[in-house]
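Chain residues, written in single-letter form:
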Amino acid sequence: MLEEQIERWRSYLLRRQAIHSVDVEELTDHLREQVAALVGAGLAEDEAFLVAVKRMGDLDSLSREFAREHSDRLWKQLVVGPADGGEPGASARREAVVAFGLAVLAAVAVKLPELFGLTLDEDPGFYARNVSLFVFPLLAGFFVWKRGAGPATRRWLAAAFVAAAVFANVYPFRPEGSTEILAAMHLPIALWIVVGVAYAGSRWGDAGVRMDFIRFSGELFIYYVLIALGGGVFTGLMAVLFQAIGIDIEPFFERWLLPCGALGAVVIASWLVEAKQSVIENMAPVLTRLFTPLFAILLIAYLATMTWTGRGIGFQRDLLIAFDLLLAVVLGLLLYSISARDPRAPRNVFDWMQIVLVVSALLVDAMALWTIAARISELGFTPNRVAALGENVILLVNLAWSAVLYVRFLRGREPFTALERWQTNYLPVYGVWAAIVVVVFPPLFGYI
Amino acid sequence: MDINKDLVAASSTPLVLAILADGDSYGYAILKRVRELSRGRMEWTDGMLYPVLHRLERLGYIQAHWEVSESGRRRKYYRITKRGRTQLAEEREQWQAVDATLRGIWSALALPFSAARELLTLTLTPAPALCPCR
């Protein structure tokens, strides 16, 4: 009985961020001695425990005092390796070694084609089409190593990458034609879903794991951007310093630093996001909280301006692409706030703001599609236009049904998990569409 | 008598350092000693002792090491360092300066009867030795 109570008290303490496990041990030892002293003075065990806990002090003020003393603990430091208390960091260190090894491999892989005479200047198409193949298989390998995967999954993954390699290179693309550019842009999307299967281990069917992959992707993007910015500063300083001694680093930068760094950084950023998991708060939902109201206001103002001035959306050749981007951003904002929302939390004003955002985006997009539909037959179906149209439709369907589910949730007729499940189930759609663009479009449009 | 929080906070450092100067100790024992020394008038909230100990450790006045107690569990013991002894001597000087000033003015003021009795008992009863100068 007493042990249970002490354990429960310990777990309350451990939940406090400012109080680490070593401190909890110290405090528990103190509590035990206090209880022993009180029992010796004649109290029953229960009474002694209650008195001792009261004497220990109110947990909130206690953790505040600890926080004041150990204020650095409130800034959760990412400890990659032995955590406080000397817990074994062997597995973390092994993971770090593997991650760095794979990053080096990716850097080497991107330079290998040069041995076969394919340089970046002369065959930019080759590198553009295959860029994801230099690093994504290694990333998938990292996850397969880390989480394990059944033999069937491994065979499927290998087959997917081989097929991607084949389709990226076997088609007789016209250099820098639309189909080649589209294939180069869409192959990474398709392969990213394949990496997701590796990420899930053998649990791709589990909606929760797919949502984890979505969260991972968001954080990876943010970390990658931060690393890229840091890399930019690094390169800038390097250029200036070497220029002072008369050496121009541009060739080194173009041929070695940029390609190897950009690809290696993907592996390193993935490793960092995996290491931090939930230790450090996810940044993506924080950014969405910030930008959702801004975009909602923007779109409402846009709609208001359109109705007020009577100006419709004028047709432009690249109109669809702009609206694709808009839908993609709105979907991203919606997706990442869904990823961070506690399904059991009550409805709040932020939910309503998201509905406003999604609905206004749908309205704006509908108007754009209307404008385009009228002119598309005259202009003909080019690969770019068909791809943009397809993407628009995909995003539109996703957002429309999401809006319906969200409104149903807000009216209490549907649990929030229905919305989560819709988003995670929709993931393969992006992969399939990207695969279609890579595999079907080039022969369909004659490789132009 | 409830002692002002600021007084308790200010006196915690010299008190803990002095107790540790007497010999190595651990949290619970330090707390017991404080209660003994103040004759029950200073009742610290048990848990609050530990942030104080951690701050003193961070400042380098005390050092911690883990030992196995009689009950078989690990217990964190504290030991005063040289810097701690220097700091203790300094705090002692400061407190004695403040004390001398206050005593001076209190003896000059006309005080109500009960307070005068308190003052008399304090000055006449010998306090337990707290001298760190072994």
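Residues numbered from 1 in each chain as written. Chains lettered and ligands numbered in written order. Predicted model: local features only at pLDDT ≥ 70, side-chain atom pairs only at ≥ 80, totals over all residues.

**Observations regarding the overall build of chain A**
Heads up, the rule is: Only DSSP runs of H or I with at least four residues qualify as helices, and only runs of E with at least two residues qualify as strands; both kinds are numbered from the N terminus onward. The exposure label follows from counting other C-beta atoms within 10 Å of a residue's C-beta, where the C-beta atoms are placed from the backbone and the thresholds are 20 or more for buried and 12 or fewer for exposed, leaving partly exposed in between. A pair of residues counts as a contact when their C-beta atoms, built from backbone coordinates, are within 7 Å of each other.
Scanning chain A from terminus to terminus reveals 16 helices and zero strands. With respect to the principal axes defined by its C-alpha atoms, chain A has extents near 95 × 60 × 55 Å. Classification of the 448 residues of chain A by burial places 30% in the buried group. Once local pairs closer than 6 in sequence are excluded, the contacts in chain A between residues at least 24 apart make up 82%.

**As for the overall build of chain B**
A tally of helices and strands in chain B yields five helices and three strands. Taken from the N to the C terminus, the helices and strands of chain B come in the order α-β-α-α-β-β-α-α. Here chain B holds 134 residues, and the buried ones make up 20% of them. Counting contacts in chain B only where the partners sit at least 6 residues apart, residues at least 24 apart contribute 52% of the total.

**Focus on unusual backbone geometry**
All names here are of chain A. Within the chain, Glu176 stands out as a residue other than glycine whose phi angle is a positive 60°. Within the secondary structure layout, Glu176 lies in the loop between α7 (151–170) and α8 (178–199). Residue classification places Glu176 among the exposed residues on the basis of 11 C-beta atoms within 10 Å.

**Some remarks on the environment of Trp95 of chain B**
Along the chain, Trp95 of chain B turns up in helix α4 (residues 82–108). Trp95 of chain B sits 84 residues away from Ser11 of chain B along the chain, and the two C-alpha atoms are 8.9 Å apart.

**Topic: the interface of chain B and chain A**
Quick note on the threshold: Only Asp, Glu, Lys and Arg are considered charged, only Ala, Val, Leu, Ile, Met, Phe, Trp, Tyr, Cys and Pro nonpolar, and every remaining residue, Gly among them, polar.
With 14 residues of chain B at the interface, the matching set in chain A holds 16 residues. When residues of the side of chain B that touches chain A are traced back to their parent elements, those giving at least two are α2 (27–37), α3 (49–59) and β3 (74–80) of chain B. With four residues, the single largest contributor to the side of chain B that touches chain A is α3 of chain B. Residues that form the side of chain B that touches chain A fall into these classes: four nonpolar, four polar and six charged.

**A short note on the nonpolar core**
What counts is decided by this rule: Only buried Ala, Val, Leu, Ile, Met, Phe, Trp, Tyr and Cys residues enter a nonpolar core, and they are joined through C-beta atoms within 7 Å. An automatic or database domain assignment supplies the start and end points of every domain.
With 79 residues, the main nonpolar core has Ala106, Val135, Leu139, Val195, Val267, Val330 and Ala361 of chain A as its most contacted residues. Among the elements that take part in this core, α8 of chain A stands out by supplying twelve residues, more than any other. Lining this core are residues from two domains, each supplying at least three of them: domain 2 (90–276) and domain 3 (283–414) of chain A. Contact partners of Ala106 of chain A, with chain neighbours within four places excluded, come to Phe134, Val135, Leu138, Leu263, Gly264 and Val267 of chain A. Ile19 and Leu62 of chain A together with Leu15 and Tyr78 of chain B belong to the second largest nonpolar core, which has 29 residues in total.

**Re the pairing of strand β2 (residues 62–68) of chain B**
All names here are of chain B. This is how it is decided: By this definition, two strands are paired if DSSP reports at least two bridges between them.
The pairing of β2 with β3 spans seven bridges and is antiparallel. Bridging from a neighbouring strand, Ala64 pairs with Tyr78 of β3. Between the antiparallel neighbours β2 and β3 lie five residues, among them Gly72 with a positive phi of about 95°.

**Let's talk about the packing of α8 of chain A against helix α15 (residues 416–439) of chain A**
All names here are of chain A. Let me state the cut-off plainly: A fitted line through C-alpha atoms serves as each axis, taken over the contacting stretch for helices, and the angle formed by two N-to-C directions is quoted from 0 to 180°. Helix crossings get a hand from a simple test, with the near helix turned counterclockwise from the far one by less than a right angle marking a left-handed crossing and a clockwise turn marking a right-handed one.
The contact between α8 and α15 brings their axes to 8 Å, and the two run at 145°. Handedness of the α8/α15 crossing: left-handed. The segment α8 lies against α15, with Leu182, Ala183, His186, Leu187, Ile189, Ala190, Ile193 and Gly196 engaging Leu427, Pro428, Tyr430, Gly431, Ala434, Ala435, Val437 and Val438. Residues of the contact of α8 with α15, tallied by class, amount to 13 nonpolar, three polar and no charged.

**Regarding the sheet that holds strand β1 (residues 25–26) of chain B**
Residues and elements named next belong to chain B. Strand order across the open sheet formed by three strands is β1-β3-β2, with antiparallel pairing between neighbours. Each end of this open sheet is capped by a strand with a single partner; those strands are β1 and β2. Seen against the sheet, helix α1 (residues 5–22) touches β1, β2 and β3 and runs at an angle of roughly 95° to β3.

**Topic: the packing of helix α9 (residues 207–244) of chain A against helix α12 (residues 319–340) of chain A**
Residues and elements named next belong to chain A. For clarity, the cut-off: Convention used here: angles under 35 degrees read as roughly parallel, angles over 145 as roughly antiparallel, angles from 65 to 115 as roughly perpendicular, and any remaining angle as oblique.
In contact at an axis separation of 10 Å, α9 and α12 are set at 120° when each is read in the N-to-C sense. When the axis of α9 is compared with that of α12, the two are oblique. Judged by the sense of rotation from one axis to the other, the crossing of α9 with α12 is left-handed. Contacts from Met211, Ile214, Arg215 and Gly218 of α9 reach α12 at Leu335, Tyr336 and Ser339. Across the contact of α9 with α12, the residue classes tally to four nonpolar, two polar and one charged.

**Thoughts on the domain arrangement of chain A**
All names here are of chain A. Examined at the domain level, chain A breaks down into domain 1 (2–74), domain 2 (90–276) and domain 3 (283–414). Each of domain 2 and domain 3 was reduced to a C-alpha centroid, and the two centroids are 30 Å apart. Counting residues at the interface gives nine residues for domain 2 and nine residues for domain 3. Among the secondary structure elements, those contributing two or more residues to the side of domain 2 that touches domain 3 are α8 and α9. Considering each element in turn, the side of domain 2 that touches domain 3 owes the most residues, six residues, to α9. Residue composition of the side of domain 2 that touches domain 3, by class: four nonpolar, three polar and two charged.

**Section: α8 of chain A**
All names here are of chain A. What counts is decided by this rule: Here the expected length of a helix is defined as 1.5 Å per residue gap, with one fewer gap than residues. Two axes enter the definition of the bend at a residue: one is fitted to the seven residues ending there, the other to the seven starting there, and the bend is the angle between them.
A rise of 1.5 Å per residue sets the reference length of α8, with its 22 residues, at 32 Å; its end C-alpha atoms lie 32 Å apart and thus fit the reference within 8%. His186 marks the point of greatest bend in α8, at about 30°, and the proline Pro188 comes within the next four residues. With 17 of its 22 residues buried, α8 lies for the most part within the structure.

**Comments concerning the environment of Thr13 of chain B**
All names here are of chain B. By secondary structure assignment, the location of Thr13 is in helix α1. Each C-alpha atom of the pair Thr13 and Arg39 lies 19 Å from the other, and the pair is 26 residues apart in sequence. The residues touching Thr13, leaving out its near neighbours within four places in the chain, are Leu56 and Glu91.

**Some words on the pairing of β3 of chain B**
One ladder, built from two bridges, connects β1 of chain B with β3 of chain B; its direction is antiparallel. Following the sheet pairing, Ser25 of chain B is matched in β3 of chain B by Tyr78 of chain B.

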